[in-house]
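Descriptive analysis of the structure
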Amino acid sequence: MDIRYWDVVIVGAGPAGCVAATLFARQGLQVVLVDKSAGPPPKLCGEYLSPGCLPILERIGVLRTLSEVGARPLRGMLIYTPGGQVLSAMYPPSHHGLAIRRSLLDPILLDVAIKSGAVFLGNFQAGDLEWQGNCVVGIRGRHRGSPAFLRARLIIGADGRNSVVARRLGAVMRHRWLDRLALVGYVTGARRPDDVGEIFLARDRYCILNPICPDLTNVGLVINRREFDSRADATRSLLRAAASLPGLGDRLAHARPIRPARCLG
């Protein structure tokens, strides 16, 4: 078993993990960033960054790079209620959010973490925490199929909704009744503004439109899991259910999916 000693071990090479790795490494600490994938995997996401993220991206030096690869400023959000009201949440003139595809964002953040001095171990499947008394002192798993143990002064769990770190700490509890499923896909031909995100609310579901490119829209729908037929075509289910929300049907009348929708429980 390979035993390595580090100042910081970060599990999960998504945006949170990569930014944490960058900041720690720039402080001169020995940092290892691990992920079960060989590199940033495709992520099911609304692909929207709030204004609060921008100072962090500026701090690590990637904000200009994101603009150069096509990140789009968003002035705020419009929220449509089931009763027909429109709530406008516009940011101050000096602030804006960003619409950016994860396939562009994540590799840039991983690259800056590595260039800052963090070591990236892909294909590392975290399995369990190593305890010493009441303290977590390491993480065990498999790296490229072989047993591995990483010991560190600090362990960070940035491994998302199925976090191994959170589960091993007993910090994950299933909600008594809230059981949702997200369907996310890309479409062209949707009618929407170019500089705001939009949220369409219904009694038991909601849908978000995010303008990723001039004629590319991220469509994300959240519904009760029991309403989704896993045998059905996910893309058709997404567009049919989204079109049923008040005010959204005509927006998607000419929408054309460019790839199959994906599901996340």
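Below is a summary of the structure that appears in this document. (Residues numbered from 1 in each chain as written. Predicted model: local features only at pLDDT ≥ 70, side-chain atom pairs only at ≥ 80, totals over all residues. Heavy atoms only, no water.)

Quick notes on the overall build of the protein chain
Looking only at helices and strands, one finds six helices and 17 strands in the protein chain. Principal-axis analysis of the C-alpha atoms places the extent of the protein chain at approximately 60 × 40 × 30 Å. Buried positions account for 45% of the 265 residues belonging to the protein chain. Nonlocal contacts in the protein chain, meaning residues at least 24 apart in sequence, comprise 68% of its contacts between residues at least 6 apart. Accessible surface computed for the protein chain: about 14,200 Å², of which carbon and sulfur atoms make up 54%. Positive and negative side-chain charges in the protein chain, numbering 35 and 21 respectively, have mean positions lying 3 Å apart. (Helix = DSSP H or I, 4+ residues; strand = E, 2+ residues; numbered from the N terminus. Buried < 20%, exposed > 50% of the residue type's maximum accessible area, 1.4 Å probe, protein only. Contact = heavy atoms within 4.5 Å. Areas by Shrake-Rupley, 256 points an atom, 1.4 Å probe, with all protein chains shown as cover. Lys, Arg positive; Asp, Glu negative; His and termini not counted. Charge placed at Lys NZ, Arg CZ, Asp CG, Glu CD.)

Examining the pattern of salt bridges
Opposite charge on two side chains permits them to pair, given that their charged atoms come into close proximity. According to the stated counting rule, one finds 16 salt bridges in the structure shown. Two residues, D106 and R102, come together in a salt bridge whose shortest N-O distance is 2.8 Å. Of this pair, D106 and R102 are both found in helix 4 (residues 102-115), four residues apart, which corresponds to roughly one turn of the helix. In this pair, the class of D106 matches that of R102, namely buried. The partner of R205 in a salt bridge is E227, and the shortest N-O contact between them spans 2.3 Å. You can see R205 sitting in the loop between strand 13 (196-201) and strand 14 (206-213) and its partner E227 sitting in the loop between strand 15 (216-224) and helix 6 (234-243), a full 22 residues away along the chain. With a relative accessible area of 17%, R205 lands in the buried category. A single salt-bridge network, built from bridges that share partners, covers R203, D204, R205 and E227. (Salt bridge = Lys/Arg side-chain N within 4 Å of Asp/Glu carboxyl O.)

Quick word on the packing of helix 1 (residues 15-26) against helix 4
When two helices pack together, their arrangement is given by the angle between the helix axes and the distance between those axes. Across the interface, helix 1 lies against helix 4 with an axial gap of 8 Å and an inter-helix angle of 20°. Overall, the two elements helix 1 and helix 4 adopt an arrangement that is roughly parallel. The chirality of how helix 1 crosses helix 4 is left-handed. Contacts between helix 1 and helix 4 pair P15, C18, V19, A21, T22 and R26 from the former with R102, L105, D106, L109, L110, V112 and A113 from the latter. Split by residue class, the contact of helix 1 with helix 4 holds nine nonpolar, one polar and three charged. (Axes fitted to C-alpha atoms, helices over the stretch in contact; angles between N-to-C directions. Parallel < 35°, antiparallel > 145°, perpendicular 65-115°, else oblique. Left-handed = near helix turned anticlockwise from the far one by under 90°. Nonpolar A, V, L, I, M, F, W, Y, C, P; charged D, E, K, R; others polar.)

Here's the deal with the pairing of strand 11 (residues 146-157)
Along a regular strand, successive side chains alternate from one face of the sheet to the other. Two strands pair when backbone bridges link them, and strand 10 (residues 135-143) and strand 11 are joined in this way by six bridges, in the antiparallel orientation. Counterpart to G138 in the pairing with strand 11 is R151. As consecutive antiparallel partners, strand 10 and strand 11 are separated by two residues, and within that stretch R144 has a phi angle of approximately 55°, a positive value. (Pairing = 2+ DSSP bridges.)

A few points about the sheet that holds strand 4 (residues 72-74)
Reading across the sheet, the three strands line up as 3-7-4 and stay open at both edges, with antiparallel pairing between neighbours. Two strands in the sheet have a free side with no partner beyond their single neighbour: strand 3 (48-49) and strand 4. Bridge count for strand 4 against strand 7 (residues 97-99) is three bridges, and the pairing is antiparallel. Residue pairing in the sheet places L74 in a bridge with G97 of strand 7.

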